[in-house]
Amino acid sequence: MDRRYFLKGLACSAAAHPLLTTVTLAGGSPALGENRLAVIILRGAMDGLDVVQPRGEAAFAARRPGLSATPALPLDDFFHLHAGLGALLPLWQAGELAFVHATSTPYRDKRSHFDGQDMLEAGTGMDVAPAAVRDGWLNRMLQSVPGIVAETAYAVGRDEMKVLMGPAPVREWAPDQGLPLSAQGRRLLERICHDDPLFREAVADALDLTQRDGPRRDAAGTAGAAGTATPVEAVADFAAGRLMEDARIAAFSLNGWDTHRGQAEALRRPLKALEQAILRLKLQLSPEVWARTAVLAMTEFGRTVAENGSRGTDHGTGGVMVVAGGAIRGGRVFGRWPGLDEAALYDRRDLMPTSDVRAWAAGVMRGFYGVDAATLEGAVFPGLDLGAAGGGAGLLL
């Protein structure tokens, strides 16, 4: 077979190949130091009032007569944690879990998942159409760091991660992709591509990634059999594996948070997934790396204060950000609580946002990577005013 003819056919079919379209080249920089950041996008608008319940306020039970009866665990005298995240309570007690309540992006009123997620990942304000922004705030932060060369950031999973899109080099990986080849087939592919730098490097990266799924540690810290993890755990395992090596930033998303009907039942699966993801990251990272890690889980907007007639909630505004890691100042609920009296609500229906979720992410970037305020306000999060954003400081130790 003529090698050039083969490569031409390979190039034409690359867009349809499940591996070569989900694994791309990445970059890294010593300037990022040893701190690690994992960003989890919670798609579907997580109901922060159900995840971190303000049971110390009488209006909560009055506006949610059904949902307020779901089991919850006390965090303090005012807030309770949904029992679906109960396995995270030891992290709270150890100071490795926190929450930011009544926070949101600048997105208001239209309550579209697509627009809300675009704004969350683009990091813009209402004065900029998020669909017109081609890169995300994590990538723009990387663009501000000199010397990005290899293995800095990973987008993990099948969903497009706009938060990491942009000119700064980033790797992508999907957990269910594989390239099953015999040893002979692998040698043939390597030989065919050997003299072409484009395909040689791409194929080498792809083959390398498919060989990395070795035994992982179980809850007792011992090696377990490969392939026994749930899909969410597989994503977290991969992210942790890269963070244990040269990567400093990982991002992935968890779906299923749109709970218009039967929320008490519908929330079980996504809560379990979030719980698994955070616990798996802690398990697979060494204690030394976990101590320098921050996990930020954020959603496009919150949900209505009152439950609807279908025992669910509708699209709202203010919500909750979940924060975990050994580098964070845990055991507390951050953010100014606005109250649930009707006059205190946004549009008399939603939890009033008292901080900008971008400010909290900016605070982590500033503390972890030394990104200055001018760059954060002008390039990373255009239009953000850290002085007026109502938050951002205090998340990190």
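That block above? That's the structure.
Calculation rules
Per chain, residues are indexed from 1 in the order of the written sequence. The predicted origin of the model limits local features to residues at a pLDDT of at least 70 and limits the giving and counting of side-chain atom pairs to 80 or more, whereas totals for whole chains, interfaces and linings rest on all residues. Hydrogen atoms and water are omitted, and side-chain values are computed over all heavy atoms in the structure. Residues are called lining when one of their atoms sits within 4 Å of a cavity or pocket point, these points coming from a 1 Å grid over the protein atoms alone, where a cavity is a set in which a 1.4 Å probe fits but cannot get out and a pocket is an open set with protein on both sides within 12 Å along at least five of seven lines. Grid points are joined across faces, edges and corners, and a volume is the space filled by probe spheres set on the points. Helix and strand definitions here come from DSSP, where helices need a minimum of 4 consecutive H or I residues and strands a minimum of 2 consecutive E residues; each element is numbered from the N-terminal end. Each residue gets one of three labels, nonpolar for Ala, Val, Leu, Ile, Met, Phe, Trp, Tyr, Cys and Pro, charged for Asp, Glu, Lys and Arg, and polar for the others, Gly among them. Pairing between strands is defined by DSSP: at least two bridges between the two strands are required. Here the axes come from fitting lines to C-alpha atoms, over the contacting stretch only for helices, and the angles between their N-to-C directions go from 0 to 180 degrees. Between Lys or Arg on one side and Asp or Glu on the other, a salt bridge is scored when a side-chain nitrogen of the former is within 4 Å of a carboxyl oxygen of the latter. Using a 1.4 Å probe on the protein chains alone, a residue whose accessible area is under 20% of its type maximum counts as buried, one over 50% counts as exposed, and one in between counts as partly exposed. Multiplying 1.5 Å by the residue count of a helix minus one yields the expected span of that helix. Any pair of residues with heavy atoms lying within 4.5 Å of one another is described as a contacting pair.

Peer 1: So what's going on with empty space enclosed by the protein? Residues and values would help.
Peer 2: This model, assessed by the stated rule, comprises 2 cavities of 30 Å³ or more. Size it by volume and the largest cavity reaches roughly 60 Å³. In this structure, the largest cavity is lined by Thr103, Ser104, Met298, Thr299, Glu300, Phe301, Gly302, Thr317, Gly319, Val320, Met321 and Val357. Of all the secondary-structure elements, those providing two or more residues to the lining of the largest cavity are strand S5 (97–104), strand S9 (293–299) and strand S10 (319–324). Looking at the lining of the largest cavity, the element that brings in the most residues is S10, giving 3 residues. A class-by-class count of the residues in the lining of the largest cavity yields 5 nonpolar, 6 polar and 1 charged. Approximately 40 Å³ is the volume attributed to the second largest cavity.

Peer 1: Which residues make up the sheet that holds strand S4 (residues 79–82), and what values do they have?
Peer 2: The antiparallel open sheet is built from 3 strands, whose spatial order is S2-S4-S3. One side of each edge strand has no neighbouring strand; the edge strands of this open sheet are strand S2 (52–54) and strand S3 (72–74). On average, adjacent strands in this sheet sit at an angle of 35° to one another, irrespective of strand direction. Here 3 bridges tie S3 to S4, and the two strands are oriented antiparallel to one another. Directly across from Leu73, in S4, lies its bridge partner Leu81.

Peer 1: Just give me the short version of the pairing of S4, but keep the residues and values in it.
Peer 2: Bridging between S2 and S4 involves 3 bridges; their strand directions are antiparallel. Bridged to Gln53 within S4 is His80. What sits between S3 and S4 in their antiparallel hairpin is a turn of 4 residues.

Peer 1: I'd like a description of the pattern of salt bridges, backed by residues and values.
Peer 2: Inspection of the entire model under this criterion finds 16 salt bridges. Here Glu245 ties to Arg242 by a salt bridge, and the two come within 3.7 Å at their closest N and O atoms. What makes Glu245 partly exposed here is its relative accessible area of 39%. Among the residues examined, Arg242 registers a relative accessible area of 4% and is labelled buried. Several salt bridges converge on common partners, so that one network encompasses Glu34, Arg36 and Arg248.

Peer 1: Please set out helix H9 (residues 231–243) residue by residue, giving values where relevant.
Peer 2: End to end, H9 covers 18 Å across 13 residues, agreeing with the expected 18 Å (1.5 Å per residue, within 8%). Among all positions in H9, only Val232, Glu233, Val235, Ala236, Asp237, Phe238, Ala239, Ala240, Gly241, Arg242 and Leu243 are buried.

Peer 1: Describe unusual backbone geometry, naming the residues involved and giving the relevant values.
Peer 2: For Ala102, which is not a glycine, the phi torsion comes out positive at approximately 55°. Position of Ala102 relative to the elements: it lies in strand S5.

Peer 1: Provide a residue-level description of the environment of Leu67, including the pertinent values.
Peer 2: Mapped onto the secondary structure, Leu67 falls in the loop between helix H3 (58–63) and S3. Look at Leu67 and you get buried, because its relative accessible area is 3%. Contacts of Leu67, omitting those with residues within four sequence positions, involve Asp50, Gln263, Ala264, Glu307, Arg311, Gly312 and Thr313.

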